[in-house]
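Secondary and tertiary structure notes
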Amino acid sequence: MNSLKDFDVSDYIKDGEVLLRNLRIENCRIAGLELQNIRLIRINNCVLENVTFQNCFKYGVIISESTFIDCRFHDTINGDKSYDGVLSLRHSAFTDCLFDDVDLYVCEESSVAKCYFWNCTFKNVDITGGIETGSSFWIGGTMEDLAYKVVYIDNCEFYHMKMQHMDIGAGIDGNRFEDIKFENVTVRGRNGGNIFVDCDTDGYTFVDDDRW
C-alpha cells in the first residue's frame, strides 16, 4: 500500500476539539493529534474510507451517524490511566476495519450503542472502564488477544466469527451468539438470557462474578 497523505484538521479545530461533520474523507491518515493538545474528536454524519487513525484519541472520541470502510485504528485513550477519557460510538457502521494495538481507559459516560461491525478484525485490544455496550451487531471477522472490562454487554448479536484469547469482564445479558468459534475465551461477570446457536463452546468459560 502506498503511503497515505496526512489529513489536515486545522480547519476543523475549535476550543481544543476537532469537529468533523458532513464530510467524506478517504485515502489519508489522521495521526498525532494527541501532541497538539486536542481534547476530543467528534465525528458526525461522515463517510470515511481507507483512513488510518493513529494516536488521535488520547483524550477521547465521539462518533455518531457515520460510516467507516476499510479503516485502521491504532490508538490510545489514556493508556497510562492517569485520567478518564471518553469513548462514544452511536448509530455508526464499520466495514472491513482493523482495530489493532488499541489501549483505552475510559469514563462512565462511555458507550457503544446501535453500531454495526461487518468483517472487522480486533487484535491486541485492551479496553477498561465504564462502557455500556448495547444493541449492536458484529458479523464476520475475528477477535484475538482482547481484554474488555466494562459495565455490561447487553442485547448484542455476534455472527460467524472467531474469538480467541479473550478476557471479558462485564454483565452479559440478552445476547445472541451464532456460528462462533471460541478458543481460550473467559467471561467473568453476571450472566443471563444469552443464546448460543451452532457455536463451538469448548473454548468458552464463564465465571460468575458479581463485581460486574
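Scroll up to find the structure.
Thoughts on the overall build of the protein chain
- A tally of regular secondary structure across the protein chain gives zero helices and 22 strands.
- Relative to a compact globule of 212 residues, whose C-alpha radius of gyration would be 17 Å, the protein chain shows 17 Å and is just as compact.
- Over its C-alpha atoms, taken along the principal directions, the protein chain stretches across nearly 50 × 35 × 25 Å.
- A buried classification covers 46% of the 212 residues belonging to the protein chain.
- In the protein chain, 24% of the contacts between residues at least 6 apart in sequence involve partners at least 24 apart.

Notes on the pattern of salt bridges
- As enumerated under the stated definition, the model contains nine salt bridges in all.
- A salt bridge links R42 to E17; its shortest N-O distance comes to 2.9 Å. Placement of R42 in strand β5 (residues 40-44) and of E17 in strand β3 (residues 17-21) is noted, with a sequence separation of 25 residues between them.
- Sharing partners across several salt bridges, the network here consists of R24, E26 and E49.

Here's the deal with the side chain of T133
- Within the fold, T133 resides in strand β16 (residues 132-134).
- What makes T133 buried here is its relative accessible area of 2%.
- Residues within four places of T133 in sequence aside, it is in contact with V112, W138, Y148, V150, Y152, I153, D154 and C156.

Points about the environment of N50
- Note that N50 resides in strand β6 (residues 47-54).
- The class of N50 is buried, set by a relative accessible area of 12%.
- Placed 18 residues apart in sequence, N50 and F68 show a C-alpha to C-alpha distance of 8.2 Å.

Details of the packing of aromatic side chains
- Counted according to the given criterion, the structure contains 23 aromatic pairs.
- Between F73 and F99, the ring centres sit 4.7 Å apart and the planes meet at 5°, which makes this aromatic pair stacked. A residue pair is termed long-range when its members are at least 10 positions apart, and F73 in strand β9 (residues 72-74) and F99 in strand β13 (residues 98-106) qualify at 26 residues. Side by side, F73 and F99 carry an identical accessibility label, which is buried.

Here's the deal with the nonpolar core
- F53, F68, F117, F158 and M163 are the most contacted members of the largest nonpolar core, which has 58 residues in total.
- The residues touching F158, leaving out its near neighbours within four places in the chain, are W138, M143, I153, M163, R176, F177, E178 and I180.

Cut-off values and rules
- Residues numbered from 1 in each chain as written.
- Predicted model: local features only at pLDDT ≥ 70, side-chain atom pairs only at ≥ 80, totals over all residues.
- Heavy atoms only, no water.
- Helix = DSSP H or I, 4+ residues; strand = E, 2+ residues; numbered from the N terminus.
- Rg over C-alpha atoms; globule rule 2.2 N^0.38 Å.
- Buried < 20%, exposed > 50% of the residue type's maximum accessible area, 1.4 Å probe, protein only.
- Contact = heavy atoms within 4.5 Å.
- Salt bridge = Lys/Arg side-chain N within 4 Å of Asp/Glu carboxyl O.
- Phe/Tyr/Trp six-rings, centres within 6.5 Å; stacked < 30°, edge-to-face > 60°.
- Core = buried A, V, L, I, M, F, W, Y, C linked by side-chain atoms within 4.5 Å.

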